[in-house]
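So you can see what is in the structure, the chains are spelled out below.
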Amino acid sequence: MSAANSTTQDLEKAEHSHSEGRPIGRTITPGGHPADYSQPAIPAQHRVHGNPSCLGLVSFGCGFFLSSALTLHTRGVQVPNVVVPVLILYGGISQSLVGWFEMYLGNTFGATVFGSYGAFNLTYGALYLPAFGVISAYTLPDGTLSPQFSQAIGLYLIAWFIVTMLFIIGALRSSAAVLSTLVFTALAFLTLAINSFTGSDASRVAGGAFGMAATFCSFWAAICGFWSKDATFAFLTPSPIDLSSKDN
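Owing to the predicted nature of the structure, the values given are computational and were not obtained by experimental measurement. (Residues numbered from 1 in each chain as written. Predicted model: local features only at pLDDT ≥ 70, side-chain atom pairs only at ≥ 80, totals over all residues. Heavy atoms only, no water.)

Draft legend 1. Broad picture of the packing of aromatic side chains. Scanning the model with the defined rule gives 17 aromatic pairs in all. For the ring pair phenylalanine 60 and tyrosine 117, a centre distance of 5.2 Å and an interplane angle of 50 degrees mean the geometry is tilted. On the criterion of sequence distance, the pair formed by phenylalanine 60 in helix H2 (residues 53–71) and tyrosine 117 in helix H4 (residues 108–126) is long-range, its members being 57 residues apart. This pair shows no difference in class: phenylalanine 60 is buried, exactly as tyrosine 117 is. With a centroid separation of 6.1 Å and an interplanar angle of 80 degrees, the aromatic rings of phenylalanine 64 and phenylalanine 189 are classed as edge-to-face. Note that phenylalanine 64 is positioned in helix H2 and phenylalanine 189 in helix H7 (residues 176–198), a separation of 125 residues in sequence. Three or more aromatic residues joined by ring pairs make a cluster, and in this case those are Phe60, Phe64, Phe109, Tyr117, Phe120, Tyr124, Tyr128, Tyr156, Trp160, Phe167 and Phe189. (Phe/Tyr/Trp six-rings, centres within 6.5 Å; stacked < 30°, edge-to-face > 60°. Helix = DSSP H or I, 4+ residues; strand = E, 2+ residues; numbered from the N terminus. Buried < 20%, exposed > 50% of the residue type's maximum accessible area, 1.4 Å probe, protein only.)

Below you can see the structure in the form of structure tokens.
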């Protein structure tokens, strides 16, 4: 073997020249390893992102279903504490994460909606956690709740009604699935706030019914996104009923 061949031949690949035609040179890195320049560059790869809104919608619907069922005293259950871990550990965490993912993907509306409702789940759950001291702050010396507590809850729900109205206006040209979810959510907040202010049993029932409607509309919007042809039968996937204008 000639001296020229001994310096240019790649002993590992039995190649005498680079794919571009230049000789292959073997050099030693500072760490003592051979540097192989015959490897091609890493090809460009394009990431494929999933749709995070499906998780947000399902977790929203699950939390709203359970809270609405308790509001309606389903199966005679009137103590609502079982909803707290669902709101915090499922709805609150999931929707907050979805909000950040939507922001990363450039969807400002989705980021604002899911980030806000994630905070709603977390704050509503916190009302029942002793560590936050909300209920204890309204507890009278005789152990009963002050009338101010129900009024404060009413104001809390009115605040979320206002926030949801902002979302409704921003979703007028989205889809019927998303818009109806927001509309029924706003009605649930409003009627439950009236119940807190007045003690009206009719508004409690109406709030639970609107909450159930919001639940199923949320599930409708969610399955439009993740019941894909790759996961299930195409004929099972419903339409979200697009409301956007094709012109502008």
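So that's the structure; there's more coming.
Draft legend 2. View of a nonpolar patch on the surface. Taken together, the side chains of Leu89, Ile93, Leu97, Phe101 and Leu122 present a nonpolar region at the surface, about 460 Å² in accessible area. Among the elements that make up the nonpolar patch, the one with the highest residue count is helix H3 (residues 83–104) (4 residues). The topology assignment puts leucine 122 in helix H4. Take leucine 122: its relative accessible area is 33%, and that puts it in the partly exposed class. (Patch = residues over 30% accessible without salt bridge, like charges linked within 9 Å, V, L, I, M, F, W, Y side chains within 5 Å. Areas by Shrake-Rupley, 256 points an atom, 1.4 Å probe, with all protein chains shown as cover. Salt bridge = Lys/Arg side-chain N within 4 Å of Asp/Glu carboxyl O.)

Draft legend 3. Spotlight on the pattern of salt bridges. This model, assessed by the stated rule, comprises 1 salt bridge. Note that aspartate 201 and arginine 204 form a salt bridge whose closest N and O atoms lie 2.8 Å from each other. Separated by 3 residues within a single helix, aspartate 201 and arginine 204 lie in helix H8 (residues 201–226), roughly one turn from each other.

Draft legend 4. Broad picture of the nonpolar core. If you look at the biggest cluster of nonpolar residues, it comprises 27 residues, and the most contacted ones within it are Phe64, Tyr117, Phe120, Tyr156, Leu157 and Phe189. Mapped onto this core, the elements with two or more residues apiece are H2, H3, H4, helix H6 (147–170) and H7. The dominant element in this core, judged by the number of residues it contributes, is H6, at 8 residues. The contacts of tyrosine 117, once residues within four sequence positions are left out, are Phe60, Gln95, Trp160, Thr164, Phe167, Leu182, Thr185 and Phe189. (Core = buried A, V, L, I, M, F, W, Y, C linked by side-chain atoms within 4.5 Å. Contact = heavy atoms within 4.5 Å.)

Draft legend 5. Inspection of the side chain of serine 180 at higher detail. Note on placement: serine 180 falls in helix H7. On the accessibility criterion, serine 180 (15% relative accessible area) is buried. Discounting chain neighbours no more than four positions away, the residues touching serine 180 are Cys217 and Trp220.

Draft legend 6. Structural detail: the environment of leucine 192. Note that leucine 192 resides in helix H7. Taking the C-alpha atoms as reference points, leucine 192 and alanine 202, separated by 10 residues in sequence, lie 9.8 Å from one another. When near neighbours in sequence (up to four residues on either side) are disregarded, leucine 192 contacts Thr71, Leu157, Arg204, Gly207 and Gly208.

Draft legend 7. Molecular detail of H7. The terminal C-alpha atoms of H7 lie 32 Å apart, and with 23 residues this matches the ideal 33 Å at 1.5 Å per residue to within 8%. Where H7 ends, the next residue or the one after it, glycine 199, has phi of about 80 degrees, a positive value. (Expected span 1.5 Å × (residues − 1).)

Draft legend 8. Looking closely at unusual backbone geometry. One non-glycine residue, histidine 73, lies in positive phi territory at about 55 degrees. Using a relative accessible area of 27% as the deciding quantity, one classes histidine 73 as partly exposed. Phi at isoleucine 241 takes a positive value of approximately 60 degrees, unusual for a residue other than glycine. Mapped onto the elements, isoleucine 241 comes out in the segment after H8. Take isoleucine 241: its relative accessible area is 43%, and that puts it in the partly exposed class.

Draft legend 9. Quick peek at the environment of phenylalanine 120. Relative to the helices and strands, phenylalanine 120 resides in helix H4. Here phenylalanine 120 falls in the buried class, since its relative accessible area comes to 6%. Residues phenylalanine 120 and isoleucine 88, 32 residues apart in the sequence, show an inter-C-alpha distance of 9.4 Å. Setting aside residues up to four positions removed in sequence, phenylalanine 120 forms contacts with Phe64, Tyr156, Trp160 and Phe189.

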